[in-house]
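Here is how the chains run, residue by residue.
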Amino acid sequence: MNQKIKTLLCVLTFIPFYFFIYAFLHEAGHALVILAYGGTIDNFVFWNFNAHVSSSGGAFTSFGMALNTIAGMLLPTIIGVIAISLYRPNKKSAGYHICYFTTLFGLLGSMSVWVAIPIISLFNLPPRDDVTNFLNLTRYHPLIVSISALFFVGAFVVFAHAKGLLSKTNLQKIYRSFKSNNENIIAKNNGNRKNKILFTALGLLVISAATLYSANYITYYPPGVFNTSGVITNVLEERSWESTLAIEDSRIYSFDIEIKAYGLITAFCVIDESGEYISQNQAEGFMPSIISFGLDEGIYTLSMMFLTDYEAVADYFVKTGFGELDPKEIQYINEAFSRDNTSYAVEYFISVR
């Protein structure tokens, strides 16, 4: 069989295989974090365009939730680094090198999304994906995330070059066969690879430390139709909180909510002009979370109600149409009210985009 045909068949076979493996590793990254935090995997799909992981349970910290959003990109990248570290530039098969190029640029593409979407979020509503969720959960300034991702893209390229994947000699192999002087060029390049890897590793450490330091001292409030934050020092005196939300365009809106409360139940509601509850959620506290639903043009009320005893919760459930509490809800509420060092201060952050 002609060598060019062999190379073409090799590449055409590898491309769908790569995307299949990437989808598996992407979802596996999410699944591993979920399992690490005690969650249960209910559904794991990676073989079609609707790849996803659904789960239940788990005791996630803020770090765990943020890690889950980045794990889908992180695990394939780690496996990619291992694969590229095994790359052998002296192989004569053009198909071998093209398959490695496919892997390299596929991974660079997934990392580049983390460069582009944070920049998009500065000017417009970004698409709903892992990057957007990461920004909402951490509230790192988008430019910090974008620059950090750009650095890792560059580091990945330097690493691939240090392994010989992007060397001039290797690029020539894809278009023409080996020449006798290629071996000498390869030998000459080998001496500089260890230094490149060392400087890349040191650069990663310095930039990572600077990024983490900056992120801890810069709070980013994303652009949107509504942003508010504050502290209620004693909910026994202020039983509720309300604010007006004016919606000018009918579309889907994302509510980024964080409510830090302890020893009480907080009910967060979105109510329309007729008094109908559009959305309602109640919990002891809200870790950074995203709620998305459609709103028509009009004036809405955002409400927080602070429920400090069982009777207040039961009355709230009846008033809002939830009905009676089920055993699991009763257990959760009793656990919240049984805290030894109950605090009646509530810190909140709400953003609507």
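Residues numbered from 1 in each chain as written. Predicted model: local features only at pLDDT ≥ 70, side-chain atom pairs only at ≥ 80, totals over all residues. Heavy atoms only, no water.

Undergrad: Can you break down the nonpolar core residue by residue, with the values?
TA: Core analysis: the largest hydrophobic core is formed by 29 residues, its most contacted members being Leu104, Trp114, Phe156 and Leu165. Among the secondary structure elements, those contributing two or more residues to this core are helix 1 (3–36), helix 2 (62–85), helix 3 (94–121), helix 4 (130–138) and helix 5 (142–162). Considering every element that reaches this core, the biggest residue donor is helix 3, with 10 residues. Residues Val270, Phe293, Leu295 and Ile350 belong to the second largest nonpolar core, which totals 27 residues. (Core = buried A, V, L, I, M, F, W, Y, C linked by side-chain atoms within 4.5 Å. Buried < 20%, exposed > 50% of the residue type's maximum accessible area, 1.4 Å probe, protein only. Helix = DSSP H or I, 4+ residues; strand = E, 2+ residues; numbered from the N terminus.)

Undergrad: Give a description of the packing of aromatic side chains that names residues and reports values.
TA: Aromatic ring pairs are described here by two measures, namely the spacing of the ring centres and the angle between the planes. Going through the model one piece at a time under the given rule, you end up with 16 aromatic pairs. Aromatic pair tyrosine 18 and phenylalanine 19: ring centres 5.3 Å apart, planes at 75°, arrangement edge-to-face. On the numbers, 5.2 Å between centres and 65° between planes, the contact of phenylalanine 20 with phenylalanine 46 is edge-to-face. Of this pair, phenylalanine 20 sits in helix 1 while phenylalanine 46 sits in the loop between strand 1 (39–45) and strand 2 (52–57), and the two are 26 residues apart along the sequence. Given the relative accessible area of 39%, phenylalanine 20 is considered partly exposed. Here the aromatic residues Phe20, Phe24, Phe44 and Phe46 are joined through ring pairs into a cluster of three or more. We note arginine 251 situated over the ring of tyrosine 253; from NZ or CZ to the ring centre the distance is 3.9 Å. (Phe/Tyr/Trp six-rings, centres within 6.5 Å; stacked < 30°, edge-to-face > 60°. Lys NZ or Arg CZ within 6 Å of the ring centre and 35° of its normal.)

Undergrad: Would you mind going over a negative patch on the surface in detail, with residue names and values included?
TA: A surface patch of negative charge is lined by Glu248, Asp249, Asp296 and Glu297. With respect to the helices and strands, the residue aspartate 249 is situated in the loop between strand 4 (240–247) and strand 5 (251–262). (Patch = residues over 30% accessible without salt bridge, like charges linked within 9 Å, V, L, I, M, F, W, Y side chains within 5 Å. Areas by Shrake-Rupley, 256 points an atom, 1.4 Å probe, with all protein chains shown as cover. Salt bridge = Lys/Arg side-chain N within 4 Å of Asp/Glu carboxyl O. Lys, Arg positive; Asp, Glu negative; His and termini not counted. Charge placed at Lys NZ, Arg CZ, Asp CG, Glu CD.)

Undergrad: Hey, could you go over the pattern of salt bridges for me, with residue numbers and the actual values?
TA: Tallied over the full model, the rule gives one salt bridge. Note that lysine 260 is salt-bridged to glutamate 258, the shortest N-O span being 3.7 Å. We classify lysine 260 as partly exposed; its relative accessible area is 44%.

Fair warning: the whole summary comes from geometry, so function is off the table for now.
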